[in-house]
Amino acid sequence: LRISDLNCRFILQAIILAAGKGTRMNSDLPKVLHRLGPRVLLDHILVHMMTLGITRPVVVVGHHKEKVMKSAKNTLPTVQFAIQKDLLGTADAVRQALPLLNPQEPTYLIYGDNPLFLPTTFQSLLGAHKDQGAVLTLATAFLDDPACYGRIVRDGQGRILRDVEFKDATDDEKMIKEINAGCYVADPAWLAEVLPEVKSNPATGECYLTDLIEIAVQSGRTLASYQLSDPREALGVNTIDDLEAAEHIWSVLEQAQSNA
């Protein structure tokens, strides 16, 4: 699947979630502005969007929004912004961005602290979304040690039922090796329809994108998935240790692409 082929069939769009505080980084700097290799985390994603032909992605900003906006504009002057005034979770962040989208075109939903996804992965994810006629398609990965990542629960026929957070998982569910890799393709019209159904978590007061998986299943809509060929791309940066691990993985992936 070539990028040029995809661009002929879709006007690609993207929402990049970059509003959070990133408190586990123990830094005053917004998490998405921590440096990985030659650029900050958010810039890695913006550069990939440009590679895919997406020139007006929507970055959702909140915490230290002026710094994040300035950095993003320096990398991609045509980037758009949606402001999340109250940090009420990832589902609420997407809701803020919807008015800036064409409701008829598929849209990437990307966490701003997941910088390791490659353009070919984004292509394959979109291809799976189109081929299966899905309203929501998620990237998954199999990890030998899934640690505290959310687990993907499937039925006996291999169909996804839900994403269960580690803290809510049963002992059997914690044995599952398949995780939610943190990148989606979704239909904006469907998002506008179902986002009001996402309930706030009683413990945090936030509403989460992961709830959309179960909503799609329960409503009988088509949910698709794409398994990463390299599970290292799924690493999200939440701590300084994660950033150090991402630095090593990024170097390896860059070298592999250079040798390809």
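Analysis parameters
Starting afresh in each chain, residues are numbered from 1 along the sequence in its written order. Per-residue local features are limited, in this predicted model, to residues with pLDDT of at least 70; the limit for side-chain atom pairs, both in listing and counting, is 80 or more; totals at the level of whole chains, interfaces and linings are taken over all residues. Hydrogens and waters are ignored; side-chain quantities use all the structure's heavy atoms. Starting at the N terminus, helices and strands are each numbered in turn, a helix being any DSSP run of H or I of at least four residues and a strand any DSSP run of E of at least two. The globule rule is 2.2 Å times the number of residues to the power 0.38, and the radius of gyration it is compared with is taken over C-alpha atoms. Residue exposure (1.4 Å probe, protein chains only): buried if accessible area is under 20% of the type maximum, exposed if over 50%, otherwise partly exposed. Contacts were defined at the residue level, with two residues in contact if any of their heavy atoms lie within 4.5 Å. Computed with a 1.4 Å probe, the accessible areas rest on the Shrake-Rupley method; for each residue, only the protein chains presented here act as cover. His is not counted, nor are the chain ends, whereas Lys and Arg count as positive and Asp and Glu as negative. Charge positions are represented by NZ for Lys, CZ for Arg, CG for Asp and CD for Glu. For every residue, the predictor reports its confidence as pLDDT, a number between 0 and 100. The criterion is simple. A nonpolar core is a set of buried Ala, Val, Leu, Ile, Met, Phe, Trp, Tyr and Cys residues joined through side-chain atoms within 4.5 Å. Throughout this description, a polar contact denotes any pair of N or O atoms lying within 3.5 Å of each other; where both atoms belong to protein, one of them has to be capable of donating a hydrogen while the other can accept it, and for residues adjacent in sequence the pair is counted only when both atoms sit in side chains. The disulfide criterion used throughout: a pair of cysteine sulfur atoms within 2.5 Å.

A.B. asks: Sorry if this is basic, but what is going on with the overall build of the protein here?
C.D. replies: On a plain count of helices and strands, the protein comes out with 9 helices and 11 strands. Expected size for 260 residues packed as a compact globule is a radius of gyration near 18 Å; at 17 Å, the protein falls within 12% of this value. Taking the principal axes of its C-alpha atoms as reference, the protein extends roughly 45 × 45 × 40 Å. Of all 260 residues assigned to the protein, the portion counted as buried reaches 51%. Counting contacts in the protein only where the partners sit at least 6 residues apart, residues at least 24 apart contribute 72% of the total. As presented, the protein carries roughly 12300 Å² of accessible surface, and 51% of it is formed by carbon and sulfur atoms. When the 25 basic and 32 acidic side-chain charges of the protein are each reduced to a single mean position, those positions are 5 Å apart.

A.B. asks: Could you clarify how one ought to interpret unusual backbone geometry in this entry?
C.D. replies: A negative phi holds for most residues other than glycine; trans holds for most peptide bonds. Positive phi is not limited to glycine here, since His64 has a value of about 50°. Inspection of the secondary structure puts His64 in the loop between β4 (58-61) and α3 (65-75).

A.B. asks: How should I be thinking about the environment of Ser200 in this particular structure?
C.D. replies: Position of Ser200 relative to the elements: it lies in the loop between α7 (188-194) and α8 (211-218). A C-alpha to C-alpha distance of 30 Å links Ser200 and Lys130, two positions 70 residues apart in sequence. Beyond its immediate stretch of four places on either side in the chain, Ser200 contacts Gly205, Glu206 and Cys207.

A.B. asks: Explain the confidence of the model for the protein here, please?
C.D. replies: Detailed conclusions should not be drawn from predicted coordinates in areas where pLDDT is low. Across the protein, the average pLDDT comes to 92, with 95% of residues at or above 70. Note that residues 1-9 has pLDDT below 50 and, in this model, 14 contacts with residues that lie over four places away or in other chains.

A.B. asks: Even after reading the chapter, I still don't get the nonpolar core, so can you show me in this structure?
C.D. replies: Of all hydrophobic cores here, the largest spans 37 residues; its most connected members are Met49, Val59, Tyr108 and Ile110. Secondary-structure elements contributing two or more residues to this core are β1 (13-18), α2 (41-51), β4, α3, β6 (107-111), α5 (119-132), β7 (136-142) and β10 (178-186). Leave out the neighbours within four places in its chain, and Val59 touches Ile16, Ala18, Leu42, Leu46, Val79, Gln80, Phe81 and Ala82. With 33 residues, the next largest nonpolar core counts Ala97, Leu109, Tyr111 and Val194 among its residues.

A.B. asks: Which parts of the structure should I look at to understand the side chain of Thr107?
C.D. replies: For Thr107, the location among the structural elements is in strand β6. Of the polar contacts made by the side chain of Thr107, one reaches the side chain of Gln13; its length is 2.9 Å. Engagement of the side chain of Thr107 in a polar contact is seen with the backbone oxygen of Glu105, the distance being 3.3 Å. Thr107 has contacts with Gln13, Ala14, Ile15, Leu101, Tyr184, Val185, Ala186 and Pro188, leaving out every residue within four places of it along the chain.

A.B. asks: Even after reading the chapter, I still don't get the state of the cysteines, so can you show me in this structure?
C.D. replies: Working definition: the covalent bond between the sulfur atoms of two cysteines is a disulfide. Per the stated rule, a full pass over the model turns up 0 disulfides. Not part of a disulfide, Cys207 finds its nearest cysteine sulfur in Cys183, a span of 19 Å. Among the residues examined, Cys207 registers a relative accessible area of 5% and is labelled buried.

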